[in-house]
Amino acid sequence: MGNLIFLIIIIVIIKNTVQKNSAKKDSGMSGSGNPVSSYGSRPAEEYAGRSADRHIGQGTAKGGQNRTWNKSANVRTTSDVLRKKREKEAAAKSKAIVQAEELSTTEFLRRKAGEDQIAHHEEKRQEENRIRRETGGRQPALRYLYGDSIPRGMHLVKCSYCGAENLIYDHRKKEEHTCYFCREIL
């Protein structure tokens with residue numbers, strides 16, 4: 001019942017937002033479809049063009065020249081950076097597709113398998129490094145399965161945190177190991 005009420009509230013909010021946005025669009029347009037400025041019945045584009053001519057001294061009111069508000073060519077906006085990034089990614093993808101089309105299917109699959117294997121090894125190495133940092137370089141103990149016999153040269157240690165039964169070698173101290181399950185120091 002609570003989910004239904006929540007869903008109804010969300011629908012009402014979205015409906016109100018859409019109505020407000022459409023009302024703003026309708027109130028901000030003149031009869032010709034151009035946005036109306038707050039200074040009268042002239043379209044906002046015309047007013048902006050004349051004010052730009054007055055302040056910068058470039059172009060004409062009705063779009064004769066492109067106006068340059070930012071005269072510095074080396075300043076980039078966020079949209080420019082994102083656009084260029086998307087273009088680079090698209091170029092890289094298209095290049096990879098072209099290379100893939102040039103290769104035979106088996107060659108492509110062999111390369112892909114090699115890349116996946118490298119990525120898997122890297123993820124495994126990062127996980128091992130994370131565990132080594134968290135445990136201070138201690139090794140995890142071995143898992144003891146209930147009903148199995150305890151191997152010769154090993155003894156059973158119960159984790160004080162989670163209660164899991166761990167196997168460690170007799171000649172090693174339990175403080176040198178972590179629990180196989182929760183990685184707490186034994």
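Given the structure is predicted, the values throughout are model-derived calculations rather than measurements.

### Here's the deal with the overall build of the protein chain
A tally of regular secondary structure across the protein chain gives four helices and five strands. Looking at the protein chain residue by residue over its 186 residues, the buried ones come to 13%. Total accessible area computed for the protein chain in this model is approximately 15400 Å², and 54% of it derives from carbon and sulfur atoms.

### What about the sheet that holds strand β2 (residues 142-143)?
Reading across the sheet, the three strands line up as β2-β4-β3 and stay open at both edges, with antiparallel pairing between neighbours. Each edge of the open sheet is held by one strand with a lone partner, namely β2 and β3 (154-158). Alignment of β3 against strand β4 (residues 165-169), held across five bridges, turns out to be antiparallel. Looking across to β4, one finds that lysine 158 is bridged to glutamate 165.

### Digging into the packing of aromatic side chains
Following the criterion strictly, the structure yields one aromatic pair and no others. Where tyrosine 180 meets phenylalanine 181, the ring centres are 6.3 Å apart and the plane angle is 65 degrees; that geometry is what we call edge-to-face.

### Thoughts on the side chain of threonine 178
The topology assignment puts threonine 178 in strand β5 (residues 177-178). A residue is classified by how much of its surface remains accessible, and threonine 178, at 1% relative accessible area, is buried. If sequence neighbours within four positions are ignored, threonine 178 has contacts with Thr135, Arg138, Gln139, Pro140, Ala141, Arg183, Glu184, Ile185 and Leu186.

### Some words on the environment of arginine 143
Of note, arginine 143 is situated in strand β2. Sequence-distant contacts of arginine 143, that is, excluding residues within four places in its chain, are made with Glu165, Leu167 and Tyr180.

### Some remarks on a nonpolar patch on the surface
Nonpolar side chains collect at one region of the surface, where Met1, Leu4, Ile5, Phe6, Ile8, Ile9, Ile10, Val12, Ile13, Ile14 and Val18 lie side by side and expose about 1100 Å² of accessible area between them. Positionally, isoleucine 8 belongs in helix α1 (residues 2-27). A relative accessible area of 47% places isoleucine 8 in the partly exposed class.

The rules behind these values
- Every chain begins its residue count from 1, and numbering advances along the sequence as written.
- Local features in this predicted model are restricted to residues of pLDDT 70 or higher, and side-chain atom pairs are both shown and tallied only at a pLDDT of 80 or more, whereas totals for entire chains, interfaces and linings draw on every residue.
- Only heavy atoms go into the side-chain values, all of them from the structure, while hydrogens and water stay out.
- Helix and strand definitions follow DSSP, with helices as H or I runs of at least four residues and strands as E runs of at least two, each counted in order from the N terminus.
- Buried means the residue's accessible area, taken with a 1.4 Å probe over protein chains only, is under 20% of the maximum for its type, while exposed means over 50%, and partly exposed covers the values in between.
- What sets the accessible areas is the Shrake-Rupley method with a 1.4 Å probe; for residues, cover comes only from the shown protein chains.
- Two strands are said to pair when DSSP picks up at least two bridges between them.
- To pair, rings of Phe, Tyr and Trp, with the six-membered ring standing in for Trp, must have centres within 6.5 Å; the planes then decide the type, stacked if under 30 degrees apart, edge-to-face if over 60, and tilted in the middle.
- Residue contacts are defined here by distance: any two heavy atoms, one from each residue, within 4.5 Å place the two residues in contact.
- Residues enter a patch when their relative accessible area is above 30% and they make no salt bridge; the linking distance is 9 Å between like charges and 5 Å between nonpolar side chains (Val, Leu, Ile, Met, Phe, Trp, Tyr).
- Salt bridge, as applied in this entry: a Lys or Arg side-chain nitrogen positioned within 4 Å of an Asp or Glu carboxyl oxygen.

Read these as geometric descriptors, not functional statements.
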